[in-house]
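Spelled out from the first residue to the last, the chains are:
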Amino acid sequence: MKVKKVIAVLTAAMMLSSGCGKKDTKVDDYGDSSKESAVSDSQFEESDAKLSEKLGGDTLDYTNNFSLNGRNAKIDLSYSVPDIESVPVYKATSVQETELKEDEIVKNLLGDTAKTLNTSDRDQFKEELGDSSYIIQTIQMVIYINDGDYTIRASSAPTWLDEERFFVHNYEGEVNGSVYQLMFSYSRKYDEMIVAFFPTDIGKTVGDPELKNVAWSLPDGTFYAYYKNKPVTFDITEVMSDRPNKCTLSDDELVSTVTTTLKDKLYLSYPNAGISFYGSNLNMVDTKSNDKKCEAIFYNDDALNSPTLEGAVRDGYFSSIMGDINGVRVIRNADISDEKAFESYSNNMVTVNNSGVIGFNVIASHNYHEALAENVNLLSFKDAMDSFVGQAADKIDASKIKNKTGDLEFSYVDFAYYNVPVGESGEEYRLSPVWELEARDNGRRPILRVLINAIDGNIVDVFY
């Protein structure tokens, strides 16, 4: 199977593995705060103002011309400010390979039933043998993203790999009477821990072993799937109106289930504001105008040929993890030279129903600790852009830009979050608001990406 086809299949099958929630969450759960900060908390000035009031209005425009190492540069930007009440800042620490607790995590998830899958008679996962397609897809994604020395094959994946750039280890056991498969991986290329945990019989977790698939709806109620290699679309609020979601957990209970499970089982801490059941990164819908949770739809292939998704069941919801903070996107990989670092790999999902967490795919590069500010004060948009212009010549090496000649035009800007490093250790960070600024070529592809701290205007990172 061609690599592009494999990735297309994976993206379709795992199409809602990330999210951008629309609802603001009060900063009241900061996770583990056992490590002391190297930077004084008092540097972050609190504010009572909304985002638009801090930045200078609901619609922001900025135009300027300057010289960048002998090249003419122009900024021509317009930005519509989202309705955001608060902008917190969090302390973060990196997930280090030397601190991984693989054995403990396996024990936490599978208990005494855990079996290591690294024997000659169990060296391959295969869908035809009943192995989890979601685990197989995740392994394939890890291999592809990390340039693994393994040929990706349709519907199968190795159970154990130890390579220079990454490792993949797999386990199997029983949870509440269901067989679960667990993939534990670490990418040295991206410094990320990847853990996937799914049952082999997905329908059994909702009381119907005949249901072989689960997928997730978008926040406008749309459910996308593939039937006989063709996309099909359903509005579940209409076609499944006779089958309401069986999960009765409140929003607070859903969020608490996710944060507690990840902390207790994986030793990962996340703020409540980073857990969202209300959105998707797919750009198929405007998540800001929708307020429906992303639902878990359990179904058989035959249901996709029915206008009412006959036999399908709505039971649970799926959340993103650190895809956004209160609706503001979190940048996970800003490197424009890395064509493989696409969004479907860089995000997380957890599926929850009344019985708890029933499956997840978690990619963790950082742990998030206490909030250093609940609503930090920011520079106005104009002051931040003026600060960028003043630093650009010293901080940007124009010789590294792929397009060596011609004027540079910065025409794209977005307000986002980024893990800003503290010092040189590579261990401590601040999850802080930044301006993402891009110069693009004639094909609208970014040739230069600059991240500017929205608090003080300093250039945080430059990508060529």
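**Here's the deal with the overall build of the chain**
Next, step 1: Scanning the chain for helices and strands turns up 7 helices and 25 strands.
Next, step 2: A fraction of 71% describes how many contacts in the chain between residues 6 or more apart in sequence connect residues 24 or more apart.
Next, step 3: Accessible area for the chain stands at about 20,100 Å²; split by element, carbon and sulfur atoms hold 43% of it.

**A short note on helix 7 (residues 381-395)**
Next, step 1: Along its 15 residues, helix 7 runs 20 Å from first to last C-alpha, staying within 8% of the 21 Å computed at 1.5 Å per residue.
Next, step 2: The sharpest bend along helix 7 reaches about 30 degrees and sits at valine 389.
Next, step 3: Looking at helix 7, one finds that the buried residues are Phe381, Ala384, Met385, Ser387, Phe388, Val389, Gln391 and Ala392.

**Comments concerning the packing of aromatic side chains**
Next, step 1: One pass over the full model with this rule turns up 17 aromatic pairs.
Next, step 2: With centroids separated by 6.4 Å and ring planes inclined at 80 degrees, the aromatic side chains of tyrosine 62 and phenylalanine 381 adopt a geometry described as edge-to-face. One end of the pair, tyrosine 62, is in strand 1 (residues 59-68); the other, phenylalanine 381, is in helix 7, with 319 residues separating them in the sequence.
Next, step 3: Given a relative accessible area of 2%, phenylalanine 381 falls into the buried group.
Next, step 4: Ring centres of phenylalanine 66 and phenylalanine 410 lie 6.3 Å apart, and the angle between their planes is 20 degrees; on these two criteria the pair is classed as stacked. Remark: phenylalanine 410 occurs in strand 22 (residues 408-421) and phenylalanine 66 occurs in strand 1; sequence separation between them is 344 residues.
Next, step 5: With a relative accessible area of 12%, phenylalanine 66 lands in the buried category.
Next, step 6: Every member of this aromatic cluster is reached through a ring pair, and the members are Tyr62, Tyr79, Phe381, Phe415 and Trp435.
Next, step 7: Sitting over the face of the ring of tyrosine 267, lysine 101 holds its NZ or CZ atom 4.6 Å from the ring centroid.
Next, step 8: For arginine 440, the ring lying beneath its charged end belongs to tyrosine 412, and the centroid distance is 4.3 Å.

**Examining the nonpolar core**
A general feature of soluble globular proteins is that nonpolar side chains tend to end up buried together.
Next, step 1: Core analysis: the largest hydrophobic core is formed by 120 residues, its most contacted members being Tyr270, Val362, Phe388, Phe410 and Trp435.
Next, step 2: Core analysis: the second largest hydrophobic core is formed by 15 residues, Phe234, Ile236, Tyr299 and Ala303 among them.

**A few points about the side chain of histidine 369**
Next, step 1: Position of histidine 369 among the secondary structure elements: in strand 21 (residues 366-373).
Next, step 2: A residue is classified by how much of its surface remains accessible, and histidine 369, at 4% relative accessible area, is buried.

**Considering the pattern of salt bridges**
Next, step 1: This structure, assessed with the given rule, holds 20 salt bridges.
Next, step 2: Note that aspartate 83 is salt-bridged to lysine 50, the shortest N-O span being 3.0 Å. Taken together, the residues span a long stretch of sequence, with aspartate 83 in the loop between strand 2 (71-80) and strand 3 (89-94) and lysine 50 in the loop between helix 1 (3-13) and helix 2 (51-55) at a distance of 33 residues.
Next, step 3: Judged by its relative accessible area of 57%, aspartate 83 falls in the exposed class.
Next, step 4: Taking relative accessible area as the criterion, lysine 50 reaches 27% and is therefore assigned partly exposed.
Next, step 5: When salt bridges that share partners are traced, they join Arg329, Asp414, Glu436, Glu438, Arg440 and Arg449 into one network.

**A short note on the confidence of the model for the chain**
Next, step 1: With 86% of its residues at a pLDDT of 70 or more, the chain has an overall mean of 86.
Next, step 2: Taken as a whole, residues 1-41 scores under 50 in pLDDT and shows 115 contacts with residues more than four places along the chain or in a different chain.
Next, step 3: Contacts from residues 281-289, a stretch scored under 50 in pLDDT, to residues over four places away or in other chains number 22 contacts.

**Looking at a negative patch on the surface**
Next, step 1: Taken together, Asp61, Asp76, Asp407 and Glu409 make up a surface patch of like negative charges.
Next, step 2: By the secondary structure assignment, aspartate 407 is in the loop between helix 7 and strand 22.
Next, step 3: Overall, aspartate 407 belongs to the exposed group, its relative accessible area being 59%.

**Observations concerning the packing of helix 3 (residues 102-110) against helix 6 (residues 251-266)**
Describing two packed helices takes the angle between their axes plus the distance from one axis to the other.
Next, step 1: The contact between helix 3 and helix 6 brings their axes to 8 Å, and the two run at 130 degrees. Taken together, helix 3 and helix 6 sit at an angle that is classed as oblique. Residues Ile105, Asn108 and Leu109 of helix 3 form the contact with helix 6, whose own contacting residues are Asp264, Lys265 and Leu266.
Next, step 2: Among the residues making up the contact of helix 3 with helix 6, the classes are represented as 3 nonpolar, 1 polar and 2 charged.

**What to know about the environment of tyrosine 62**
Next, step 1: A relative accessible area of 6% means that tyrosine 62 is categorised as buried.
Next, step 2: Residues tyrosine 62 and leucine 77, 15 residues apart in the sequence, show an inter-C-alpha distance of 5.2 Å.
Next, step 3: Leaving out residues up to four positions away in the same chain, tyrosine 62 has contacts with Ile75, Asp76, Leu77, Phe381, Lys382, Met385, Asp386 and Val389.
Next, step 4: A distance of 2.9 Å separates polar atoms of two side chains, one belonging to tyrosine 62 and the other to asparagine 64.

**Topic: unusual backbone geometry**
Next, step 1: For serine 155, which is not glycine, the phi dihedral falls at a positive 65 degrees.
Next, step 2: Under the relative-accessibility criterion, serine 155 is labelled partly exposed at 37%.
Next, step 3: One non-glycine residue, asparagine 326, lies in the positive phi region at around 50 degrees.
Next, step 4: Following the sequence through the fold, asparagine 326 ends up in the loop between strand 17 (324-325) and strand 18 (328-329).

**Side note on helix 4 (residues 133-145)**
Next, step 1: Taking 1.5 Å per residue, 13 residues should reach 18 Å; helix 4 reaches 18 Å between its end C-alpha atoms and fits that length.
Next, step 2: In terms of residue burial, helix 4 counts as a mostly covered element, since 12 of its 13 residues are buried.
Next, step 3: The complete set of buried residues in helix 4 reads Ser133, Tyr134, Ile135, Ile136, Gln137, Thr138, Ile139, Gln140, Met141, Val142, Ile143 and Ile145.
Next, step 4: Looking one or two residues past helix 4, aspartate 147 carries a phi angle of roughly 55 degrees, positive in sign.

So, how was this worked out
Residues numbered from 1 in each chain as written. Predicted model: local features only at pLDDT ≥ 70, side-chain atom pairs only at ≥ 80, totals over all residues. Heavy atoms only, no water. Helix = DSSP H or I, 4+ residues; strand = E, 2+ residues; numbered from the N terminus. Contact = heavy atoms within 4.5 Å. Areas by Shrake-Rupley, 256 points an atom, 1.4 Å probe, with all protein chains shown as cover. Expected span 1.5 Å × (residues − 1). Bend = angle between axes of the 7 residues up to and from the residue. Buried < 20%, exposed > 50% of the residue type's maximum accessible area, 1.4 Å probe, protein only. Phe/Tyr/Trp six-rings, centres within 6.5 Å; stacked < 30°, edge-to-face > 60°. Lys NZ or Arg CZ within 6 Å of the ring centre and 35° of its normal. Core = buried A, V, L, I, M, F, W, Y, C linked by side-chain atoms within 4.5 Å. Salt bridge = Lys/Arg side-chain N within 4 Å of Asp/Glu carboxyl O. pLDDT = per-residue confidence, 0-100. Patch = residues over 30% accessible without salt bridge, like charges linked within 9 Å, V, L, I, M, F, W, Y side chains within 5 Å. Lys, Arg positive; Asp, Glu negative; His and termini not counted. Charge placed at Lys NZ, Arg CZ, Asp CG, Glu CD. Axes fitted to C-alpha atoms, helices over the stretch in contact; angles between N-to-C directions. Parallel < 35°, antiparallel > 145°, perpendicular 65-115°, else oblique. Nonpolar A, V, L, I, M, F, W, Y, C, P; charged D, E, K, R; others polar. Polar contact = N/O pair within 3.5 Å; in protein donor to acceptor, adjacent residues only side chain to side chain.

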